[in-house]
Amino acid sequence: IQEKVSKSIVDALKLKLSPKEKQDITERPIENVQAYEYYLRAKYEIDTFTEEGLDRAIQYLETGREITGENALLYAGFAYTFCQYYNIGKPKEYLDRGLHYARKALEFNPESSEGHFITGALFFFTGNPGDLKKVIFHFKRALAINPNNCEVLFHLEVVYNFMGKTSAVAPLVERHLSIDPYSFYGHLMKAMMYLFEGKFDMALEVSTRFNQLAQGVPPVQFFHALILAYNKRLDDAYAIFNQNQKAHPENIFSQLGVFLKYALQKDKTNALQSIN
């Protein structure tokens, strides 16, 4: 359907496409529609940032692979899932498995935007000082292949925000939300940009919106509570920290919330005991 619509627009406007543009219109990263649906279901579960969701993502990706065989997009999906397992606190072997699948994705298709994206995301967690250059290289390569890849935009926003380059974040966020206005991670990065610039009231206005889009997603709720705390609404922040802890006690963001709550209450003993 997308191919037909795109071609009809090209014909109606009498546009002349380059060979690369013609290829982009007809490109199908997964030929089998059912396998592609399982990939999309996995992507949704990965974004929930919970262990249960990541377990379901692995099941969906395995089913997709059974249907269509080896595929760069599915390998990138496996790599992303294991990256997020590590991100929520699983041991280093999950990071290693993620790197394994990322290599397979790029071996299968060196021009895979998703393969370059997840390779960069995994290098972000290795802890090696020189790997930050690899992170940015792979993210920029992924965007060169697919400028509309929202995952790359989000992770590049994360890197630039934490490097203090908020001026570089703004155009990325604008593009991100123009592609996907309902992306709660896009709104999250916009709020974090305002937070790092000291514009706490503007950060809260945005975070209130993205929190409504992502009820129950631990990192989203954590950062909303953090922004509430910066706006001196501590009781509201504590309520969210408690809710996260009750719903997802093992999640890294739930545990961060417990630590931050005790720290804000100046309860040094419990704050230190909460760090594992």
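For the structure, see preceding data.
All values derive from a computational prediction rather than experimental measurement.

Definitions and limits used
Residues numbered from 1 in each chain as written. Predicted model: local features only at pLDDT ≥ 70, side-chain atom pairs only at ≥ 80, totals over all residues. Heavy atoms only, no water. Helix = DSSP H or I, 4+ residues; strand = E, 2+ residues; numbered from the N terminus. Rg over C-alpha atoms; globule rule 2.2 N^0.38 Å. Contact = heavy atoms within 4.5 Å. Areas by Shrake-Rupley, 256 points an atom, 1.4 Å probe, with all protein chains shown as cover. Lys, Arg positive; Asp, Glu negative; His and termini not counted. Charge placed at Lys NZ, Arg CZ, Asp CG, Glu CD. Core = buried A, V, L, I, M, F, W, Y, C linked by side-chain atoms within 4.5 Å. Buried < 20%, exposed > 50% of the residue type's maximum accessible area, 1.4 Å probe, protein only. Disulfide = S-S within 2.5 Å. Salt bridge = Lys/Arg side-chain N within 4 Å of Asp/Glu carboxyl O. Patch = residues over 30% accessible without salt bridge, like charges linked within 9 Å, V, L, I, M, F, W, Y side chains within 5 Å.

A. Structural context of the overall build of the protein chain. When you go through the protein chain residue by residue, the secondary structure sums to 16 helices and zero strands. Here the protein chain has a C-alpha radius of gyration of 20 Å; the compact-globule value for 276 residues is 19 Å, and the two agree. Taken along the three principal axes of its C-alpha coordinates, the protein chain extends 65 × 40 × 35 Å. Of all intrachain contacts in the protein chain linking residues separated by at least 6 positions in sequence, the fraction that spans at least 24 positions is 52%. Carbon and sulfur atoms make up 54% of the accessible area of the protein chain, which amounts to about 14,900 Å² in all. In the protein chain, 31 positive and 32 negative side-chain charges are present, and the distance between their average locations comes to 4 Å.

B. How the structure looks around the nonpolar core. By size, the foremost hydrophobic cluster in this structure holds 77 residues, and its most contacted members are Phe117, Ile118, Leu122, Phe139 and Tyr185. It is helix H5 (residues 72-87) that contributes the most residues to this core, ten residues altogether. Excluding residues that lie within four positions of it along the chain, phenylalanine 117 makes contacts with Tyr80, His138, Phe139, Ala142, Glu151, Val152 and His155.

C. The side chain of asparagine 211, seen in detail. Structurally, the position occupied by asparagine 211 is in helix H12 (residues 200-213). When sequence neighbours within four positions are dropped, the list of residues in contact with asparagine 211 reads Val220, Gln221 and His224.

D. The arrangement of the state of the cysteines in detail. Evaluation of the coordinates by the stated rule reveals zero disulfides. Counting only cysteine sulfurs, cysteine 83 is the nearest neighbor of cysteine 150, a cysteine outside any disulfide, at a range of 18 Å.

E. Summary view of the pattern of salt bridges. Per the counting criterion, the structure on display carries twelve salt bridges. With a shortest N-O distance of 3.1 Å, arginine 56 and glutamate 45 are connected by a salt bridge. Remark: glutamate 45 occurs in helix H3 (residues 33-47) and arginine 56 occurs in helix H4 (residues 51-68); sequence separation between them is eleven residues. Owing to a relative accessible area of 36%, arginine 56 belongs among the partly exposed residues under this scheme. A salt bridge links arginine 209 to glutamate 205, with the nearest nitrogen and oxygen atoms 3.9 Å apart. In this pair, arginine 209 and glutamate 205 both sit in helix H12, four residues apart, roughly one turn of the helix.

F. Focus on the environment of glutamine 59. Following the sequence through the fold, glutamine 59 ends up in helix H4. For the pair glutamine 59 and serine 207, spaced 148 residues apart in sequence, the C-alpha separation works out to 32 Å.

G. Region of interest: a nonpolar patch on the surface. A surface patch of nonpolar side chains, about 530 Å² in accessible area, is lined by Ile1, Val5, Ile9, Leu13 and Leu15. Summarising the element assignment, leucine 13 is placed in the loop between helix H1 (2-12) and helix H2 (19-26).

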